[in-house]
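Summary of the model geometry
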Amino acid sequence: MSTITPETQIDSGHNDDPSSNYLTSSSGFMSWAFTLDHKRIGVMYLVGIFAAFFLGGVLALLLRLHLMVPNGLFGDWVSLDSYNQLFTLHGAVMTFLFIIPSIPAALGNFVLPLMVGAKDVAFPRMNLASFHLWVFGAIFFLIALVTTGLDTGWTFYTPYSIETQTNVVAATIGAFILGFSSIFTGLNFIVTVNTMRPPGMTWFKMPLFMWAIYATAIIQILATPVLGITLLLLMGERILGIGIFDPSMGGDPVLFQHFFWFYSHPAVYIMILPAMGIISELMSVYSRKPIFGYTFIAYSSIAIALLGFLVWGHHMFVSGQSPMSAVIFSGLTFSVSIPSAIKVFNWTATMYKGNINLATPMCYALSFLFLFTIGGLTGLFLGALATDVHLHDTYFVVAHFHYVMMGGTVIAFVGGLYHWWPKMFGVMYNETFGRLFCAVVFFGFNLTFLPQFVMGSRGMPRRYATYVEEYQIYHVLSTIGALTLGIGMVGAIAVLVISLFKGRKAPANPWGAATLEWTCTSPPPYYNFEHAPHVDSPYDYSDLKYDARIGGYVKDPNAPKKSSSDHH
């Protein structure tokens, strides 16, 4: 019998010093700020978006604490205008600075080139420019925050955004710049996937995370320019009075809503599609089974990306659009649920008779499955005309949105971060505390948003700083949940940060995954791979074997030879 020699199966890249990696290859501020290495850019994005997440989270906790009592816990400290600014900045920071760039820019930048066995993305300088644009966009948002604030809601609806005295121009300049950052990232990923896949990696041998990132990049390129033009027009309206959205000058404020949602509904899929890609990876790896229905999941990603462009009108059922338009948009909205349901069914089927490993990433994947399903099913009530009119602008919408965006995207992002953390930084985290804080996040999340479904269906409107006493019990439960959720998220991040100082060294492949990023060392060397890696099915684990000496998986030399077909 052959002897397993893990050291000979790991590609250490073009590297004379085996102990050197992308983290240690150079040092100093400039070596990071102007690096062209996709891994360092991904890490910088990770730090930046977590700073935005912290800011948005603090604003959310202030909102929830204020709502503990009907007339506001902070009394005169938080005026009605200040409350408007708090929820506006919470939404704008979380949407534009955190959720949209979170998975593609941070995890996608780090993982995608490794998954295709490449040294870097197709356009490294454009990749760095994308991060610098993100920083400039964030600065403009901070200018709006520290000057006059922003009170339009994150949607910048006209005509109020034309009239308000808050700093709409700074915020829209920030969002405009962030749009370019998003387009640069999407363009890079499309070209990388099309031109840099290694020999043997056909379209249907790509990991499903790559399919999801590819579909996301299509939306980023096609939809984001519409938002950019819309924001330019809004700035022109405020500064020059060009009369496009201002009804006093013959403009149409509803036209802004059409433009805004033509981007912003596909933007929902910019946020959720990469999360679905992560879940496809986690479900297969931690169930030790090939993904069920690979082709259907891949095509469903593209279907979601395309159908997402046809449903923007469901945000405007009560805006005065014609009944026929409303019926058509309602019908189209239900069509999006089909590819989403295909994914959920296939993830569930993947677990069936699998050898499930309840490691921390899998705990987050299971949380995603539960929370995203609730978010998706409650979306049907908002897509149906009869119920949407009653639920419009209530807390039901807030709860639905957060079950999809936070219960879906953020939970999957944290799960993906735990999954790839050993690869990114070469250390293992404490599994016990990882699972514990996952449970705290799950409990806190549901306690925060389930009561909001109830009070929303009973008529509690969103964005109100005060309310009648009958809704207090729901607000109290929701606030306790938000504080629990905050503790859980801080704990989950702390577990990862502590592992940087106290975690044991990670092996190249601690989870037994079959995608290419796990064939190089942890953390990866500067050049990723010395040779183009051999491509097999990304979900065939039959030739991997656990080696207790290194605490990870290695190739089993006695395993039967794999089939070269595209079958998964």
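Residues numbered from 1 in each chain as written. Predicted model: local features only at pLDDT ≥ 70, side-chain atom pairs only at ≥ 80, totals over all residues. Heavy atoms only, no water.

Quick notes on the UniProt feature "domain: Cytochrome oxidase subunit I profile" (unreviewed entry) in the protein
Following the UniProt record, one finds the feature "domain: Cytochrome oxidase subunit I profile" (unreviewed entry) at residues 32–536. Between the first and last C-alpha atoms of residues 32–536 the distance is 34 Å; the span itself is 70% helix and 0% strand. (UniProt positions renumbered as here; feature names shortened; annotations may be inferred. Helix = DSSP H or I, 4+ residues; strand = E, 2+ residues; numbered from the N terminus.)

Let's talk about the pairing of strand β1 (residues 544–547)
Note: β1 against strand β2 (residues 552–555), four bridges, orientation antiparallel. Counted as the bridge partner of Tyr546 is Tyr553 from β2. Connecting β1 to the antiparallel partner β2 that follows it, the hairpin turn spans four residues, and Gly551 within it adopts a positive phi of roughly 70°. (Pairing = 2+ DSSP bridges.)

Some details on helix α9 (residues 294–307)
Taking 1.5 Å as the rise per residue, α9 with 14 residues should run 20 Å; its terminal C-alpha atoms sit 20 Å apart, in good agreement. Of all the positions in α9, only Tyr294, Ile297, Ala298, Ser300, Ser301, Ile302, Ile304 and Ala305 are classed as buried. In this structure, the buried side of α9 is in contact with α7 (208–240), α8 (253–287) and α10 (323–351). (Expected span 1.5 Å × (residues − 1). Buried < 20%, exposed > 50% of the residue type's maximum accessible area, 1.4 Å probe, protein only. Contact = heavy atoms within 4.5 Å.)

Examining the packing of helix α3 (residues 80–115) against α7
As a packed pair, α3 and α7 sit with axes 11 Å apart at the nearest point and diverge in direction by 135°. In terms of orientation, α3 lies oblique with respect to α7. Every pair of crossing elements has a handedness; the one defined by α3 and α7 is left-handed. Contacts from Phe96, Ile103, Pro104, Gly108, Val111, Leu112 and Met115 of α3 reach α7 at Phe209, Met210, Ile213, Thr216 and Leu227. The residue makeup of the contact of α3 with α7, split by class, is 10 nonpolar, two polar and no charged. (Axes fitted to C-alpha atoms, helices over the stretch in contact; angles between N-to-C directions. Parallel < 35°, antiparallel > 145°, perpendicular 65-115°, else oblique. Left-handed = near helix turned anticlockwise from the far one by under 90°. Nonpolar A, V, L, I, M, F, W, Y, C, P; charged D, E, K, R; others polar.)

Quick notes on the side chain of Thr350
Within the secondary structure, Thr350 sits in helix α10. For Thr350, a relative accessible area of 0% corresponds to the buried category.

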